[in-house]
Amino acid sequence: EHAGGPLIPIRFGRVDTNTEAECPPEGNLPDANPPFANGRDPDAATHLRRVFYRMGFNDQEIVALSGAHTLGRAFKERSG
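Keep in mind the model is a prediction, meaning the values are calculated, not measured.

A.B. asks: Please explain the overall build of the protein chain as it appears in this structure.
C.D. replies: Check the secondary structure of the protein chain and you find 2 helices and 0 strands. A total of 80 residues make up the protein chain; the buried ones form 10% of that total. In the protein chain, once contacts between residues fewer than 6 apart in sequence are set aside, the share between residues at least 24 apart is 21%. Roughly 6,800 Å² of accessible area belongs to the protein chain as shown, and the carbon and sulfur atoms make up 56% of that amount.

What follows is the structure in structure tokens.
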């Protein structure tokens, strides 16, 4: 919507767990800041590909997910 797309109703927040103990262990998602993967990945793009390729994402899907997170951070009430 904010980028010119349609208005889509969204339910914010995790709905697949009830407690912190049910969340996946740390390390399955990309690092937010360098050094990425403790210096193993030289840059953010390499790091994102390494993390999301193992989940079956392609470059287009990684860009869409990253862009959606960027828009989400633009609004404090929608950011985790």
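A.B. asks: Would you explain the pattern of salt bridges in this entry?
C.D. replies: If charged atoms from side chains of opposite charge come close, those side chains can pair. Under the criterion given, the structure shown has 2 salt bridges. Arg-50 is paired through a salt bridge with Asp-41; the nearest N and O atoms lie 2.8 Å apart. In this structure Arg-50 comes out as partly exposed when scored by relative accessible area, which is 28%. Overall, Asp-41 belongs to the buried group, its relative accessible area being 7%.

A.B. asks: Explain the packing of aromatic side chains to me, please; I cannot follow it from the model alone.
C.D. replies: Two numbers describe a pair of aromatic rings. These are the distance of the centres and the angle of the planes. Considering all chains together, one arrives at 1 aromatic pair under this definition. Measuring from ring centre to ring centre gives 5.1 Å for Phe-52 and Phe-57, while their planes differ by 55°; the resulting arrangement is tilted. Judged by relative accessible area, which is 27%, Phe-57 ranks as partly exposed.

Each value, and the rule that gives it
- Residues numbered from 1 in each chain as written.
- Predicted model: local features only at pLDDT ≥ 70, side-chain atom pairs only at ≥ 80, totals over all residues.
- Heavy atoms only, no water.
- Helix = DSSP H or I, 4+ residues; strand = E, 2+ residues; numbered from the N terminus.
- Buried < 20%, exposed > 50% of the residue type's maximum accessible area, 1.4 Å probe, protein only.
- Contact = heavy atoms within 4.5 Å.
- Areas by Shrake-Rupley, 256 points an atom, 1.4 Å probe, with all protein chains shown as cover.
- Salt bridge = Lys/Arg side-chain N within 4 Å of Asp/Glu carboxyl O.
- Phe/Tyr/Trp six-rings, centres within 6.5 Å; stacked < 30°, edge-to-face > 60°.

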